[in-house]
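Below are the chains, spelled out letter by letter.
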Amino acid sequence: MTTSASTPSRPCPVRPDSPAARPPERSRGATATTTGSRTTPRPGSSTPPLALWSAPVTAPTAVPARGVSIRGSAPTRVSTASSRGVACLARHSGRARFAGRRSVTPTPATPHDPSVHPLIPTPFHPPGGTMSQLQSRTASRGLRIHRLAACVLSALCCQAIAVAQEPAEPGQAPASGPAAQPTEAIELDRMVVTARRRDEREQDVPIAMSVLDGNDLETGGDPNLQEIYRQVPSLRVVNTNPRNVSMTIRGLGANLASEMLVNSVGVFVDGVYYARPGASAFDFIDIEQMEILRGPQGTLFGKNTTAGALNITTRGPSFQPEGALQVGVGNYGYRRIAGTASGGFSETVAGRLTASVTSRDGTMHNVRTGRDVNDYDDKSVRGQLLFDPGNGVTLMLTADYSKQDLDCCTDVIDRVITTLDDGTPIANGFYARSALVGYTPLPVDPFARRTDIDSRQNYQIEQSGLAAKLDWRLDSGHTFTSITAHRRWSFDPYNDLDMIGLPILTQGAFFSDSKTTTQELRLASPDGRALEYVVGLFYMKDRLTSDTFQEFGAAAGPWILPGLPQALSTLALDGLQGVGESRVDTRSAAVFGHATWHVNDRFDLALGLRYTDERKSGFSVQAAQGGVPLADIPPALAPTVAAIRAASVPAFDTRTISGYPQSNDEGDLSGTVSGTWKISDDVTGYASYSRGYKSGGINFGANVPASSETIEPENANSYELGLKSRLLGNRIMLNLSAFRTDVENYQSSRVFTSPVGATTIYVANVPEIRSQGAEIDALYLAGRGLTLGASVAYTDAYYVSAPVSQCAGVNPTGLCDLSGRALTNVSRWAGHARAHYEFQRGFGSGGVRPYVGGDVSYRSGFYSGPSEQTWVPSFSLFNFRAGVRFGERGTDVSLWVNNAFDKEYYLYRSPLIFGTGAIVGRLGNPRMYGITFRQQF
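Since we're looking at a predicted model, the values are computed, not measured.

Cut-off values and rules
- Residues numbered from 1 in each chain as written.
- Predicted model: local features only at pLDDT ≥ 70, side-chain atom pairs only at ≥ 80, totals over all residues.
- Heavy atoms only, no water.
- Phe/Tyr/Trp six-rings, centres within 6.5 Å; stacked < 30°, edge-to-face > 60°.
- Helix = DSSP H or I, 4+ residues; strand = E, 2+ residues; numbered from the N terminus.
- Buried < 20%, exposed > 50% of the residue type's maximum accessible area, 1.4 Å probe, protein only.
- Pairing = 2+ DSSP bridges.
- Axes fitted to C-alpha atoms, helices over the stretch in contact; angles between N-to-C directions.
- Parallel < 35°, antiparallel > 145°, perpendicular 65-115°, else oblique.
- Left-handed = near helix turned anticlockwise from the far one by under 90°.
- Contact = heavy atoms within 4.5 Å.
- Arc of directions from axis to C-beta.
- Lys, Arg positive; Asp, Glu negative; His and termini not counted.
- Salt bridge = Lys/Arg side-chain N within 4 Å of Asp/Glu carboxyl O.
- Disulfide = S-S within 2.5 Å.
- Polar contact = N/O pair within 3.5 Å; in protein donor to acceptor, adjacent residues only side chain to side chain.
- Core = buried A, V, L, I, M, F, W, Y, C linked by side-chain atoms within 4.5 Å.
- Domains from an automatic or database assignment.

Given two aromatic rings, one states the distance between the centres and the angle between the planes to describe the pair. Scanning the model with the defined rule gives 16 aromatic pairs in all. Between Phe430 and Tyr431 the ring centres are 5.4 Å apart and the planes differ by 75°, which places this aromatic pair in the edge-to-face class. Both rings, one in Tyr459 and one in Phe491, keep their centres 5.6 Å apart while their planes meet at 25°; by these two values the pair is stacked. With Tyr459 in strand 24 (residues 458–473) and Phe491 in strand 25 (residues 479–494), the pair connects residues that are 32 residues apart, well separated along the chain. Classification of Tyr459 by relative accessible area gives buried; the value is 3%.

In this section: the pairing of strand 15 (residues 322–330). Pairing between strand 15 and strand 16 (residues 334–344): nine bridges, direction antiparallel. By the bridge assignment for strand 16, Val327 is matched with Ile337. If you look at the hairpin formed by strand 15 and strand 16, you'll find three residues sitting between the two strands, and Tyr332 has a positive phi there, around 55°. Relative to strand 49 (residues 928–936), strand 15 is paired through seven bridges, and the arrangement is antiparallel. Looking at strand 49, one finds that Gly328 is bridged to Thr932.

This next bit is on the packing of helix 7 (residues 566–573) against helix 8 (residues 638–648). Remark: helix 7 packs on helix 8, axes separated minimally by 9 Å, with the N-to-C direction vectors making an angle of 55°. In this view, helix 7 runs oblique relative to helix 8, as classed from their interaxial angle. Between helix 7 and helix 8 the crossing geometry is right-handed. Of the residues in helix 8, those touching helix 7 at Leu568, Leu571, Ala572 and Leu573 are Thr640, Val641, Ile644, Arg645 and Ser648.

The next point concerns helix 5 (residues 430–437). Taken together, the buried positions of helix 5 are Phe430, Arg433 and Ser434. The buried residues of helix 5 occupy one face: seen down the axis, they fall within an arc of 105°. Along its buried surface, helix 5 packs onto strand 22 (412–416), helix 6 (556–560) and strand 48 (918–923). Just downstream of helix 5 lies Gly438, where phi reads positive at about 75°.

This brings us to the side chain of Asp496. Examined against the element boundaries, Asp496 turns out to sit in the loop between strand 25 and strand 26 (505–524). Buried charge without a salt bridge: Asp496, with Arg368 as the nearest opposite-charge side chain at an N-O distance of 7.5 Å. With residues near it in sequence (within four places) discarded, Asp496 still touches Ile453, Asp454, Ser455, Arg456, Gln457, Leu505 and Thr506.

Here the structure, examined in full by the defined rule, presents two disulfides. The disulfide partner of Cys408 is Cys409, and the gap between their sulfur atoms is 2.2 Å. Judged by its relative accessible area of 6%, Cys408 falls in the buried class. Cys807 shares a disulfide with Cys816; S-S distance 1.7 Å. On the sign convention where negative means left-handed, the S-S torsion of about -65° between Cys807 and Cys816 marks this disulfide as left-handed. With relative accessibility at 16%, the residue Cys816 sits in the buried group.

Positionally, Arg487 belongs in strand 25. Residue classification places Arg487 among the buried positions, given a relative accessible area of 10%. A distance of 3.2 Å separates polar atoms of two side chains, one belonging to Arg487 and the other to Gln463. Setting aside chain neighbours within four positions, we find Arg487 in contact with Val272, Tyr273, Tyr274, Asp400, Gln463, Ser464, Gly465, Ser514, Lys515 and Thr516.

Tallied over the full model, the rule gives 39 salt bridges. The partner of Glu775 in a salt bridge is Arg250, with the nearest N and O atoms 2.9 Å apart. Separated by 525 residues along the polypeptide, Glu775 in strand 37 (residues 759–783) and Arg250 in the loop between strand 10 (245–249) and strand 11 (265–269) bring together distant segments of the chain. For Arg615, the salt bridge goes to Asp665, with nearest N and O atoms at 2.9 Å. Of this pair, Arg615 sits in strand 29 (residues 603–626) while Asp665 sits in strand 31 (residues 663–680); the two residues are 50 residues apart in sequence, bridging distant segments of the chain. Residue Arg615 is classed as partly exposed on the basis of its relative accessible area of 39%. Assessed through its relative accessible area of 49%, Asp665 is described here as partly exposed. Taken together, the salt bridges that share partners define one network made up of Arg250, Arg294, Glu720, Glu775 and Asp777.

This part is about the sheet that holds strand 8 (residues 209–213). If you trace the five strands from one edge of the open sheet to the other, you get 8-13-14-11-12, paired in mixed fashion. Every other strand in the sheet has two partners, leaving strand 8 and strand 12 (272–273) as the edge strands with one partner each.

A word on the nonpolar core. Among the nonpolar cores identified, the biggest contains 55 residues, and Leu225, Ile228, Met247, Met290, Ile292 and Ile769 are the most heavily contacted of them. At four residues, the largest contribution of residues to this core is made by strand 25. When residues of this core are assigned to domains, at least three fall in each of domain 1 (195–311) and domain 2 (312–936). Setting aside chain neighbours within four positions, we find Met290 in contact with Ser210, Val211, Leu212, Leu217, Ile228, Phe284, Leu310, Asn311 and Ile312. Ranked by size, the runner-up nonpolar core spans 27 residues in total, among them Leu505, Ala555, Ile560 and Leu561.

Let us now look at unusual backbone geometry. That bond from Cys408 to Cys409 is cis: its omega, 10°, falls within 30 degrees of zero. Of note in this structure, Asn374 is not a glycine but carries a positive phi near 65°. For Asn374, the location among the structural elements is in the loop between strand 19 (372–373) and strand 20 (376–390). The residue Asn825 is not glycine, and still its phi comes out positive at about 60°. Mapped onto the elements, Asn825 comes out in the loop between strand 40 (815–816) and strand 41 (829–838). Judged by relative accessible area, Asn825 falls into the buried class, the value being 8%.

Rendered as structure tokens:
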């Protein structure tokens, strides 16, 4: 392929019924922001349909990759090297089951600039050195797949070389006359983000961020946190269960959920704050764009976050009728059906309705019950109404509902140790206790994916929300925004807490119900002035109520208390139940402002401040019930039985404890300051300082040390240098950042388990931790149809001062000094690479257009706990996809495979409760493949 200088742009042909061919609608107060070659509609304007089902650009115009602007067209010439790569692919494709991951149909160009094609597909990176990691039982099959992958790489890379390096033929002159074809210039899109609560080019914002659109999410997999985690190296998601969803950015974030604390990584959907960690575990449907902001975001967002934020924007209603359908099936019983419909009810009212159902069978087998566990089932629906009466006023009303019903989350025994890290022998270890109660455990073979738990493992989670967003563009050019929202989240679990096939802790549940009301008011200055600013107010009211329940089974006594006579321990614990109730009320108010001074054409200064006042109050109650009544126990044994029960289920009521802190009031000032230097039109450098704040709280429950009853606020000070660039005529995006974040009074979860099995989760402050490192994000438009991308993150996160820390499995005391050690759940190196190629000449009169692509994600090894036994080895996951687009109607059929080489890997490891030496792990998903059909209407 040859590429030469650009000529004046020429609109792409459009079909008569396309939005670009229709006469423009009268203005209803909606405006659009044009950046570079892309026009971004504001709410109320006609937006493209749901990204994963949008229609293709019509023939005969060549379809570029998303984010590629084409001016004119030029003949395509395939190099000999590229032909050899394609021939290699053809030779091997029949000898291996090659399937690409689900891809996305390109979005039609907006009426403002029909030559712009907004699709940047998720590309793939070829398999590197993973052949040695394949298991012998799949070596032959894996070798064929690797050969095929290498051929795909050869075809793609040779095509890139041909595009970038092939010179024009000697003496070749431009064509002339009526039949002459204008030459072509291709470039990446200018991404528009709202990280500072106004539309700005991503390259102009002094914040390190990753930007994904709906296409990036849908081509890679189901649109949920696990897919985002795979594509963004600096983000990590730990999902022990749908309630304890924890996100970290640059290594910072809570390890377990706490009822008294906010997230370290805030989640905002259309400007609405999601207060509970589990509320972000659902599928994100009909997403237009997602911004993963790294570093403290304590100024402009609705709740302070010390690690970062997820700023998610959904697609809004269109006044022009449109609809889409997606159907997908795969192995492990995978099924997904989703659809959207949008259109105008009148000239001033439009609506949008989106729904999706996703389900998958379990990836583990319970040999005791015959059922598969660790499945997935998600149902979501969202409706929107847009009122656009004109005069610069728009009102968006949104209602959503989601439900998950999951048979999860079961761990497997990974190994059984006989000594602690310091060499101390483990008394009455796992196998000794198994023999004591006559239990034969399953062989330790974690990737056989078998379990024998004897109780249900089920979670039912629901969430719903109502929101109203008012935008009013005043005559002065200022924009007033009001966002009012009410959300509810409920969690109904049923757990087998002992994770083995014995009736020890047969039931364990932590029922939660959260109701959150938020109100945000903002006033933004007009764009394009020397001083631009945003000021606002925020208020939140949240109530979280929780009920706890746990029950001891017939084997609890001898398993938990092997040193006592079996008859006595069984009499004390069999049938004993612990019940509890707690409530936490939070009221938070803040005033904030952010201003940017454009000193000249090359230099900007920005300052943001936020003052937050927060109050928390609540109570917690726990009592014991069940078991053999003490009156029916022989008097000689009754005192001992009563003591065992009191230690197993401590009774308390914080409302009656004299001097117990029932509330926590505090205020704090946070903010940011930054300088931006536009080195050239395509290169921008920046330096920034940010201070983040996360409020403190109260620990409820027994066995909480007196020093930890009150949780101190957490403060983060972050320093960052960055460079954002567009090179080679905007065909390369290269962003670099280096950072250091110091956190004082880091809020870390701890778990206390008494010798008789009483478990208390509480939060303690770590004096100081540090996270520092560097990040690279790159995207290369190698030619028409071929896009390459890569992201790499290096994170050095460690405890600066942690003299008294919990260290289960390290020594008999369970306490140690972690100063200087790495933070848990942090990979020092993480990366993601991708590539995508779409054939630029269709086949047949219908314009059949094949495409192929894939990606690889990598995480280096890390500790998921303080013990050496919690080491999680590094892993790389390869995903591939291939598909075909048909004609002008938006039909797309794609094959996909995730974890193509069936890599066996862990998400985390931890010691099993009761200190028996058993180490359990959560397994990552095995290879999954399927086919997806998409149709736009």
